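Notes for the structure review
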Amino acid sequence: MFAKESEVTNNWSFLEAFGYCESACWALSGQCEPPPAVTPLPHLSTWTLSGNGAREFLQGYVTSDLAEAQRGLWYPTAFCNLKGRVLATALVSATANQVTLVMLEQMIEPVLASLKKYLAFARGCTLLCDQVNVFGCVGGLPSTTRAYRLSFSGEQPLELVIASPKQAEKQWNELCASAAPADARLWVWHELDAGFVHVSEQTREEFLPQMIGLEDIGGVSYEKGCYLGQEIVTRAAHRGNVKRRLVRLKWENEHTTDIDIGAKLVDTHGRDVGVLVASAPSPDQPELCRGLAVVSGDPENALRIGGCRVSLRTP
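Residues numbered from 1 in each chain as written. Predicted model: local features only at pLDDT ≥ 70, side-chain atom pairs only at ≥ 80, totals over all residues. Heavy atoms only, no water.

1. What to know about the pattern of salt bridges
In total, this model carries nine salt bridges according to the counting rule given. Across the pair Arg235 and Glu231 runs a salt bridge whose closest N-O atoms are separated by 2.8 Å. Taken together, the positions of Arg235 and Glu231, both in helix 5 (residues 230-238) and four residues apart, correspond to about one turn of that helix. Overall, Arg235 belongs to the partly exposed group, its relative accessible area being 33%. Residue classification places Glu231 among the exposed residues on the basis of a relative accessible area of 55%. The partner of Arg271 in a salt bridge is Asp267, with the nearest N and O atoms 3.0 Å apart. Its relative accessible area of 8% is what places Asp267 among the buried residues. The network of salt bridges with common partners includes Glu155, Asp193 and Arg290. (Salt bridge = Lys/Arg side-chain N within 4 Å of Asp/Glu carboxyl O. Helix = DSSP H or I, 4+ residues; strand = E, 2+ residues; numbered from the N terminus. Buried < 20%, exposed > 50% of the residue type's maximum accessible area, 1.4 Å probe, protein only.)

2. Thoughts on the pairing of strand 11 (residues 158-163)
When you tally the buried positions in strand 11, you get five out of six residues, the bulk of the element. In terms of strand pairing, strand 10 (residues 148-150) meets strand 11 through two bridges, oriented antiparallel. Across the sheet, Arg149 pairs through a bridge with Glu159, a residue of strand 11. (Pairing = 2+ DSSP bridges.)

3. A word on the sheet that holds strand 18 (residues 308-313)
The strands making up a sheet are joined through hydrogen bonds of the backbone, oriented either antiparallel or parallel. Pairing within the closed barrel is antiparallel, and its six strands lie in the order 13-16-15-14-17-18. The sheet shows a mean angle of 45° between the axes of neighbouring strands, taken without regard to direction. Pairing of strand 17 (residues 303-305) with strand 18, which is carried by three bridges, proceeds in the antiparallel orientation. Pairing of Arg304 across the sheet is with Arg309, part of strand 18. Most of the contacts of helix 4 (residues 184-194) go to strand 15 (residues 272-281), to which it runs at about 140°, and overall it touches strand 13 (244-252), strand 15, strand 16 (288-296) and strand 18. (Axes fitted to C-alpha atoms, helices over the stretch in contact; angles between N-to-C directions. Contact = heavy atoms within 4.5 Å.)

Right under this line is the structure:
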């Protein structure tokens, strides 16, 4: 039997006591604390498929191998269309009878809509789409906390904690006993350093998983068997047909407006060489930015995006 739980209103108002501002998407006033730090992540949410065969069912619709998932870790993965183009990316935690995915809240509905005609075959499973509070932990927390670590990392280890709205304030207070409060800028800054792209409405169904670096961080399996788009994804890898790749960027933004996802990356001759798929300002120096872009070929290290001079950044 397939069912959907009733929704619960998401609640972040308790953060006001810590100096956060709702009008700025719960940004923290003043300087962001260095790691270890905890951040609210209101742009993320979750959905869970639970019941007998939940992992086996979703194994046929994601790029990673859920059978290899270890408890206590979040793994990168993606949902593709039949042409192998990424509909959305996610972080997944899986056991035999429960699979939980963390992803951009705006992308949950499109993903579930794409799975709708297949979910009827998930007999005995229940879909849970309750609102939750997602917290990010940068720099590592004591093992006594209920944090699951991302299976990949950059400068700092990254962990996630999921709480129901009723338990969110208590969970936040417990986390702040071990680390300093910060806002989502710190999390996104380090998430980009780790090379993870949240495919959004602006970039959905544009790229193969390899183009957004998902293979590099363990989010694509070529051994697990079939999933939606698998034939094209595998063929592209084996024939060397992936002509675009993910690169890290850095720049100094002299403008007051952000550079939008989907902005074109151009070379000194004005030719389009890539597209921006993720970006974030420095948590303590907003004029300094880093980003991820999908590029063609081997672009020179003298590029521009949104009027800013950009350089390639090594991992």
